[in-house]
Amino acid sequence: MRTAPSARRVDRVAAMGAAVALAGCTLLPFAEFRVNRIASGTAQPLGAAGVAGFALLALAAVALALAFAPPGRIRSLSMLLAGAALLAMTPWTLGEAAVRLQVGADSIARVSVGAGGWLAFVGGAIVWFAGSRGTSPGVRLFAALAVLAALVMSVSAGGVGQLSLAREYGGQAERFWTLVRQHFVLSGSGLGLGALIGIPLGVAASRNRAVRDATLAVVGVIQTVPSLALLGLLVAPLSAAGFRGIGATPAIIALTLYALLPIVRNTYVGLDGVSPAALDAGRGMGMSPMQLLLRVEAPLALPLVLEGLRAAAVMVIGIAAVTAFVGAGGLGILVFQGWGQQADDLTLLGAVPMVMLAVAADVSIRALAAVAVSPGIREVHQ
């Protein structure tokens, strides 16, 4: 049964994003007012932000309408701008709500982002993504810079600085950046060592069946061990070898072990999937086994290898939070301190940057793949 032309014109991704933003604006608490940083909050609707709240609601409605507009570059550009406007307007609206709700309140009162506020931001990001698919990189960069400028303005001239999350940051800004740097070093070290070990293991697995069976079995078993248990299991052997059983050493070893499975598996699958005809052509040209690997197999397997690196990067950034339990540092310290103090915004101060690091890693490796992989090979893997 054929789909009606009108149904095919709908951008379902943009429609979903706009619907998410509308749901956040209308169905869920947009903000929460707390008498102090650890008290339970009282739900506040979008109307607490005044005119800014109604403007945000109108933007979400416009984004939904654009999803049903005729397809083309104009719709893509309009959706990109609508997504950018939602991303810029949501923090500003939250800041307006924070200023209004704290008028006449005690100095220890806090205003936190409600579930609706988070959904509005996520919906704007989805609309942005939908619009970016049909626009040029230059337009996307311009829109991103505009959003960044709006966010900076909302912090400097708006009320974003009055939000509880911003006040938590203001109280420990120097420590925050130290923890971000520690988290980045831990994750990067685990990913880098995982690549140095995992890619050669994947190559060896593609050459020898016994190595393949043993390697994939071992890295698969490691992946099933809970992170806290693995950190605990490393204490005794490290101490026996003369190393500290706590700190960065066991953390980096654990992250390296967790990174191995996606890297080894994708390297093996990528090399194993190379066409025998391509290998025969290389041999016919007189290539040695090493030349075949570097000039034929590696370029053809590169998309899957980079996909394994991307999956490993996102995973180790998340697991690195747990290494705070062994004194390795990182953003997990803020997360667990927030849980212990029942301070939700302190927990978010650690969790949100981890999400941003994971997204940045994902985007960066995807961009690397777009540059490093030839268009012809990329089309084969799509």
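Everything numeric here is computed off the predicted structure, so don't read it as measured data.

Time to look at the environment of Leu-56. By the secondary structure assignment, Leu-56 is in helix 3 (residues 51-66). Of the residues examined, Leu-56 reaches a relative accessible area of 0% and is grouped as buried. Spatially, the C-alpha atom of Leu-56 lies 23 Å from that of Leu-348, the residues being 292 residues apart in sequence. Apart from the residues lying within four places of it in its own chain, the contact partners of Leu-56 are Cys-25, Phe-30, Leu-46, Leu-86, Met-89, Thr-90, Thr-93 and Ala-120.

A separate point is a nonpolar patch on the surface. Together, Leu-141, Leu-145, Leu-148 and Val-152 make up a nonpolar patch on the protein surface, roughly 390 Å² of accessible area in all. In this structure, Val-152 sits in helix 6 (residues 137-156).

The next point concerns the packing of helix 10 (residues 227-240) against helix 11 (residues 248-272). Packing of helix 10 against helix 11 brings their axes to within 10 Å, and their N-to-C directions diverge by 125 degrees. Regarding the angle of helix 10 to helix 11, the classification is oblique. Helix-helix and strand crossings are classified by hand; for helix 10 and helix 11 the assignment is right-handed. Contacts from Ser-227, Leu-230, Leu-231, Leu-234 and Leu-238 in helix 10 reach Thr-249, Pro-250, Ala-251, Ile-253, Ala-254, Leu-257 and Tyr-258 in helix 11. Broken down by class, the residue content of the contact of helix 10 with helix 11 amounts to 10 nonpolar, two polar and no charged.

A few words now on the side chain of Asp-345. Within the secondary structure, Asp-345 is located in helix 15 (residues 344-372). One buried charged side chain, Asp-345, makes no salt bridge at all; its nearest oppositely charged neighbour is Arg-34, positioned 4.2 Å away. Only 2.8 Å separates the side chain of Asp-345 from the side chain of Ser-164, close enough to count as a polar contact.

In this model, the chain carries an average pLDDT of 89, and 96% of its residues clear a pLDDT of 70 or more. Low pLDDT, under 50, characterises residues 1-7; the predicted model gives this stretch one contact beyond four residues in sequence or across chains.

Let's shift gears to the pattern of salt bridges. What the rule picks out here adds up to 11 salt bridges. Its salt-bridge partner being Asp-11, residue Arg-133 comes within 2.9 Å of it at the nearest N-O pair. Pair noted here: Arg-133 is in the loop between helix 5 (115-132) and helix 6 and Asp-11 is in the loop between helix 1 (5-9) and helix 2 (12-26), with a separation of 122 residues, a long-range link. Residue classification places Arg-133 among the partly exposed residues on the basis of a relative accessible area of 49%. Overall, the relative accessible area of 9% leaves Asp-11 in the buried class. The residue Arg-34 makes a salt bridge to Glu-32 at a minimum N-O spacing of 3.1 Å. Residue classification places Arg-34 among the buried positions, given a relative accessible area of 6%. A residue is classified by how much of its surface remains accessible, and Glu-32, at 24% relative accessible area, is partly exposed. Overlapping salt bridges bring together Glu-307, Arg-310, Asp-362 and Arg-366 as one network.

Parameters at a glance
Residues numbered from 1 in each chain as written. Predicted model: local features only at pLDDT ≥ 70, side-chain atom pairs only at ≥ 80, totals over all residues. Heavy atoms only, no water. Helix = DSSP H or I, 4+ residues; strand = E, 2+ residues; numbered from the N terminus. Buried < 20%, exposed > 50% of the residue type's maximum accessible area, 1.4 Å probe, protein only. Contact = heavy atoms within 4.5 Å. Patch = residues over 30% accessible without salt bridge, like charges linked within 9 Å, V, L, I, M, F, W, Y side chains within 5 Å. Areas by Shrake-Rupley, 256 points an atom, 1.4 Å probe, with all protein chains shown as cover. Salt bridge = Lys/Arg side-chain N within 4 Å of Asp/Glu carboxyl O. Axes fitted to C-alpha atoms, helices over the stretch in contact; angles between N-to-C directions. Parallel < 35°, antiparallel > 145°, perpendicular 65-115°, else oblique. Left-handed = near helix turned anticlockwise from the far one by under 90°. Nonpolar A, V, L, I, M, F, W, Y, C, P; charged D, E, K, R; others polar. Lys, Arg positive; Asp, Glu negative; His and termini not counted. Polar contact = N/O pair within 3.5 Å; in protein donor to acceptor, adjacent residues only side chain to side chain. pLDDT = per-residue confidence, 0-100.

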